[in-house]
Amino acid sequence: MQKIGVFVCWCGSNIAATVDVKAVANALRSEPGVVFSTEYQYMCSENGQNLIKDTIRDYKLDGIVICSCSPRMHEATFRKTALAAGLNPYMVEIANIREQVSWIHKDMTEATDKAIVLGRAAIAKVKKNAPLTAGTSPVTKRALVIGGGIAGIQTALDVADAGYEVDIVEKSPTIGGRMAQLDKTFPTLDCAACILTPKMVEANQHENINLLTYSEVESVSGFVGSFKAKIRKKARFVDEVKCTGCGVCTEKCPSRKGLNEFNMGLNTRGAVYIPFAQAVPNKAVIDASNCIHFRTGKCGICEKNCSAGAIKFDQQDEIIERDYGAIVVATGFKPIDASAFDEYAYNQSKDVVTSLEFERLMNAAGPTKGTLLRPSDGEHPHEIVFIQCVGSRCSRDASKGKEYCSKICCMYTAKHAMLVREKYPDTKVHVFYIDVRTPGKNFDEFYRRAVEQYGVDYIKGMVGKVTVEGKKLRVQGSDLISNEQVHIDADMVVLATAIEPDPTARSIGTMLTASMDTNDFFTEAHPKLRPVESPTAGIFLSGVCQGPKDIPETVSQAGAAASKVIGLLSKNELVGNPCVAHANELLCNGCSQCERVCPYGAITYVEKEVRGPEFRGTKRVAVVNEAVCQGCGACTVTCPSTAMDLKGFSNNQIMAEVDAICR
Amino acid sequence: MAANVTTEDILRISGVNPRKCMKCGKCSGTCPAYDEMEYHPHQFVYMVERGQIDKLMQSKSIYRCLTCFACLERCPRNVEPAKLIEAVRLAVIRQQGMNHMTENDIPALLDDKLPQQAIVSAMRKYKK
């Protein structure tokens, strides 16, 4: 007969206020096999754990049941406790009487009864548990960072500085991301390029960093410590080694139809182009869809003018396959499409712009060389209206906006308003706002400076509509403080558009089996305690791909993600999860159904000599790679001959639990 | 005029949940009849939530609303102020004992030019 110990936790008043813990301990004491049963205020405390350890030793227990919080909370704690007392950690079962009982029930009698039933089920299961030993798997000491914005660059630099190799895969021809497009940064007003470009150069020159720009991750297989990624390096049609970045080709190119992505399409560029002056790598790229040579077979002016002979019209995409121990997602964001907002006349007037477009209009490297001019006629605007929360905090429908607060808009709008007043004191600036949200160091002071020192007119209320009236934009909004409807004839309207995850995030999330929320932001392993890790082991999150954040927050999170990556890569091997699938070779009929459903590619089939009471000979059977199996159980429910079973969660164990509950 | 109409009555008639309102004022920013009104669309939502139904029922503002649905169309939180205003108008109509005429008065008023609908609404208004 096995000897089982039962430990009922009060969790302070969390459990004990709703569950009669003494009654539970008493009831479970009479279960067959139970030799000890007690209750204690905090089982997870040192005293609680010592009580468990001493009892295991004194009673020579074969298994223990802890009636406490969810196993997600403290299963690991109690497994370690068991191990310290010489008991196999997989001889521990948790009955969740907090999340599944005390927190959701009000009636003490009902709750106590349910706690007893769950305890009974755990006892039935632990009696069928077998000691398990976890296997180990090796760690490839190289990280992959997807996305080359400030988040990806910072994570890569931190990991590389710790001595590990990092590959940055960036889909556009240069690293730098959104931050490179910004003019000034709040709340210090230092220029974005001045603080970002040194980091871009450092990433390029770092001996441990390998930049793969104009490249995309095509597929990822494997698991934590041993990922295998296939990366497509798109053809630039320019030899990256030979190109000196002199820019002659970009000036000579006769095609001027390509919209300049760096300037948010506010002007055009040649078909061969370098995204911006400080691009890293500073190499040209040919946009084949706008290139006359690719469309007609003629032209070739860039080729004739390139003294380095770097133009390669016959260049092909290249597929690179590499192994990685960890993957960091740093895919960033884009502003939402403002054209859904008909009421703000974004489609009707060029002078209604998004904030990121406005950022380019204010930037010295932008289409107007830093002079603020109306896009429609190139005249100086004398009255500008900023509208906040365009598409943020919007619950009406997904096509129109996002339910969340985009977090950065209040601050960048204050920055824009302040910069306009600073550079052009004759310009009137109005900001329509719902709430001004400035939680950050020196943020509210910054916003107040815009109001008090720079005389920016903040109006509490929203704009209802913008109509084009000749050269003016008639803005109609409400002023909730004076309880009036206001009408302003503005020269420009700037929309603080919500931000959303980059459109590539969804496919990358699927590729990595990393979970996402309904807005396509990546979810954390724990929202408070594991904020930079994905629930999928070995996948880490950096920057806005996890949720809206500003530059200081992004950089802090990027560093945090890097420290998690370094922690992983510093290990020589990883201890796996022993709760994996295994096939009963005698029962396996070789149908391959488990192989097809396995999301991790952990199952293969082999011809094998099998000896049993009814069968002797060679047959085709399933074999599970225990290092790859994640224990999801898909194969066990698919198997038509019940040959597949999950260690620690076998059909036998589950049935014993069900029987105990139904007794 | 003690109507005894409660917030719950208005919410039931309109199917609107004023708690969804985040008080951004876009409804009032968009309203073409704003200057004609004593109470503006955002105040409607607030006053219904606060139970100030009597004040609304007595205000001319409810008849200044054009029912153009611009507020409903542009509200970022799907609050639908126009439906609340319509509900308050209905509450006025449904009051009892406020009749200015009976069915017996109708034959004398009938003529060819009077739209049928006017007769029907006259009957419907202030029903007993």
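Residues numbered from 1 in each chain as written. Chains lettered and ligands numbered in written order. Predicted model: local features only at pLDDT ≥ 70, side-chain atom pairs only at ≥ 80, totals over all residues. Heavy atoms only, no water.

A. Looking closely at the overall build of chain B. Check the secondary structure of chain B and you find nine helices and zero strands. Reading the secondary structure of chain B in the N-to-C direction produces α-α-α-α-α-α-α-α-α. Scored against the burial criterion, the 128 residues of chain B give a buried share of 44%. Within chain B, residue pairs in contact and separated by at least 24 positions form 70% of the contacts whose partners lie at least 6 positions apart. For chain B, the exposed surface amounts to about 7600 Å²; the carbon and sulfur share of it is 50%. (Helix = DSSP H or I, 4+ residues; strand = E, 2+ residues; numbered from the N terminus. Buried < 20%, exposed > 50% of the residue type's maximum accessible area, 1.4 Å probe, protein only. Contact = heavy atoms within 4.5 Å. Areas by Shrake-Rupley, 256 points an atom, 1.4 Å probe, with all protein chains shown as cover.)

B. Main features of the overall build of chain A. Helix and strand counts for chain A come out as 18 helices and 34 strands. Overall size of chain A, expressed as C-alpha extent along the three principal axes, is 90 × 65 × 40 Å. Buried positions account for 53% of the 663 residues belonging to chain A. For chain A, the share of sequence-separated contacts (at least 6 apart) that also reach a separation of at least 24 residues comes to 68%. In the structure as shown, chain A presents an accessible area of about 29000 Å², 51% of it carried by carbon and sulfur atoms. Within chain A, one finds 76 positive and 76 negative side-chain charges whose respective centroids are separated by 3 Å. (Lys, Arg positive; Asp, Glu negative; His and termini not counted. Charge placed at Lys NZ, Arg CZ, Asp CG, Glu CD.)

C. Spotlight on the sheet that holds strand 10 (residues 209-212) of chain A. All names here are of chain A. With parallel pairing, five strands are arranged side by side in an open sheet as 10-7-6-18-29. Only two strands of the sheet have a single partner each, and these edge strands are strand 10 and strand 29 (539-541). When the angles between neighbouring strand axes are averaged without regard to direction, this sheet yields 20°. Looking at chain direction, strand 6 (residues 142-146) and strand 7 (residues 165-169) are connected through five bridges and run parallel. Looking at the pairing, Leu144 lines up with Asp167 of strand 7. In this fold helix 6 (residues 150-161) packs onto strand 6, strand 7, strand 10 and strand 18 (326-329), with an angle of close to 165° to the strand it touches most, strand 7. (Pairing = 2+ DSSP bridges. Axes fitted to C-alpha atoms, helices over the stretch in contact; angles between N-to-C directions.)

D. Quick peek at helix 15 (residues 551-569) of chain A. Residue and element names in this part refer to chain A. The terminal C-alpha atoms of helix 15 lie 26 Å apart, and with 19 residues this matches the ideal 27 Å at 1.5 Å per residue to within 8%. Where helix 15 is concerned, the buried positions are Thr554, Gln557, Ala558, Ala561, Ala562, Val565, Leu568 and Leu569. For helix 15, the angular spread of the buried residues around the axis is 145°, confining them to a single face. Of the surrounding secondary structure, the elements contacted by the buried residues of helix 15 are strand 6, helix 6, strand 18, strand 29 and strand 30 (573-575). Among the residues of helix 15, the N-terminal cap falls to Asp550, whose side-chain oxygen and the backbone nitrogen of Glu553 are separated by 3.0 Å. (Expected span 1.5 Å × (residues − 1). Arc of directions from axis to C-beta. Polar contact = N/O pair within 3.5 Å; in protein donor to acceptor, adjacent residues only side chain to side chain.)

E. Fine view of the packing of aromatic side chains. Residue and element names in this part refer to chain A. Across all of its chains, the model carries eleven aromatic pairs over all chains by this definition. Geometrically, the ring pair formed by Phe7 and Phe36 is tilted, given 5.7 Å between the ring centres and 45° between the ring planes. One end of the pair, Phe7, is in strand 1 (residues 4-9); the other, Phe36, is in strand 2 (residues 34-40), with 29 residues separating them in the sequence. Judged by relative accessible area, which is 0%, Phe7 ranks as buried. (Phe/Tyr/Trp six-rings, centres within 6.5 Å; stacked < 30°, edge-to-face > 60°.)

F. Looking closely at the interface of chain A and chain B. Contact with chain A, which involves 21 residues of that partner, is made by 21 residues of chain B. Roughly 1700 Å² is buried in total at the junction of chain A and chain B, and carbon and sulfur atoms are behind 44% of that figure. The interface formed by chain A and chain B holds one salt bridge in total. Ionic pairing is found between Glu343 of chain A and Lys26 of chain B, a salt bridge with its closest N-O pair at 2.8 Å. (Buried area = accessible area lost by both parts, 1.4 Å probe. Salt bridge = Lys/Arg side-chain N within 4 Å of Asp/Glu carboxyl O.)

G. Fine view of the sheet that holds strand 27 (residues 492-497) of chain A. Residues and elements named next belong to chain A. Taken in spatial order, the five strands line up as 20-27-21-22-23 in an open sheet, and their pairing is parallel. Taken across any chain shown, the strands that pair with only one partner, and hence form the sheet edges, are strand 20 (352-354) and strand 23 (457-460). Averaged over all adjacent pairs, the angle separating strand axes in this sheet is 20°, with direction ignored. In the sheet, strand 21 (residues 383-390) pairs with strand 22 (residues 428-433) via five bridges, with the strands oriented parallel. Directly across from Phe386, in strand 22, lies its bridge partner Val431. Running at roughly 95° to strand 20, helix 11 (residues 355-362) makes contact with strand 20, strand 21 and strand 27 of the sheet. Each of strand 21, strand 22, strand 23 and strand 27 is contacted by helix 12 (residues 409-423), which is oriented at about 175° to strand 21, the strand it contacts most.

H. Representation of the pattern of salt bridges in the model. All names here are of chain A. One pass over the structure, following the stated rule, counts 45 salt bridges over all chains. Between Arg79 and Glu75 there is a salt bridge, with the nearest N and O atoms lying 3.5 Å from each other. In this pair, Arg79 and Glu75 both sit in helix 3 (residues 71-84), four residues apart, roughly one turn of the helix. Note on Glu75: relative accessible area 21%, which makes it partly exposed. Close ionic contact of Arg98 with Glu99 constitutes a salt bridge, the shortest N to O distance being 3.0 Å.

I. Here's a closer look at a nonpolar patch on the surface. Residues and elements named next belong to chain A. Nonpolar side chains collect at one region of the surface, where Phe649, Ile654, Met655 and Val658 lie side by side and expose about 330 Å² of accessible area between them. Its place among the elements puts Met655 in helix 18 (residues 651-662). Taking the relative accessible area as the measure of exposure, Met655 reaches 47% and is therefore partly exposed. (Patch = residues over 30% accessible without salt bridge, like charges linked within 9 Å, V, L, I, M, F, W, Y side chains within 5 Å.)

J. The confidence of the model for chain B, seen in detail. For chain B, the mean per-residue pLDDT works out to 86, and 86% of the residues sit at or above 70. When the elements of chain B are averaged for pLDDT, helix 9 (residues 116-124) of chain B gives the smallest value, 69, and helix 2 (residues 26-30) of chain B the largest, 96. (pLDDT = per-residue confidence, 0-100.)

K. Geometry of the pairing of strand 32 (residues 603-611) of chain A. Residues and elements named next belong to chain A. Examined bridge by bridge, strand 32 and strand 33 (residues 616-624) share nine bridges and lie antiparallel to one another. By the bridge assignment, Tyr605 is partnered in strand 33 with Ala622. The loop that links strand 32 with its antiparallel partner strand 33 comprises four residues.

L. Region of interest: the packing of helix 6 of chain A against helix 15 of chain A. Residue and element names in this part refer to chain A. Running from N to C, helix 6 and helix 15 point in directions that differ by 40°, and their axes come no closer than 8 Å. With respect to helix 15, the axis of helix 6 lies oblique. As for how helix 6 packs across helix 15, the hand of that crossing is right-handed. Between helix 6, through Ile150, Ala151, Gln154, Thr155, Asp158 and Val159, and helix 15, the contact on the second element is made entirely by Thr554, Val555, Ala558, Gly559, Ala561, Ala562, Val565, Ile566 and Leu569. Classifying every residue of the contact of helix 6 with helix 15 gives ten nonpolar, four polar and one charged. (Parallel < 35°, antiparallel > 145°, perpendicular 65-115°, else oblique. Left-handed = near helix turned anticlockwise from the far one by under 90°. Nonpolar A, V, L, I, M, F, W, Y, C, P; charged D, E, K, R; others polar.)

M. Inspection of the environment of Pro76 of chain B at higher detail. With respect to the secondary-structure elements, Pro76 of chain B resides in the loop between helix 6 (70-74) and helix 7 (81-93). For the pair formed by Pro76 of chain B and Met22 of chain B, sequence separation is 54 residues and the distance between their alpha carbons is 8.9 Å. Beyond its immediate stretch of four places on either side in the chain, Pro76 of chain B contacts Arg393, Cys394, Ser395 and Arg396 of chain A together with Met22, Cys24 and Lys26 of chain B.

N. Structural view of the domain arrangement of chain A. Once the domains are mapped, chain A shows domain 1 (4-126), domain 2 (142-234 + 318-332 + 502-569), domain 3 (248-305), domain 4 (334-500) and domain 5 (581-647). Distance between the C-alpha centres of domain 1 of chain A and domain 3 of chain A: 68 Å. (Domains from an automatic or database assignment.)

O. Representation of the state of the cysteines in the model. Residue and element names in this part refer to chain A. Summed over the entire model, instances satisfying the criterion amount to one disulfide over all chains. Between the sulfur atoms of Cys191 and its disulfide mate Cys194 the distance is 2.2 Å. Residues Cys191 and Cys194 are joined by a disulfide whose S-S torsion is about 90°; by sign, that bridge is right-handed. The exposure class assigned to Cys191 is partly exposed, which follows from its relative accessible area of 22%. In this structure Cys635 is not part of a disulfide, and its nearest cysteine sulfur, from Cys629, lies 6.2 Å away. The buried category is assigned to Cys635, whose relative accessible area is 9%. (Disulfide = S-S within 2.5 Å.)

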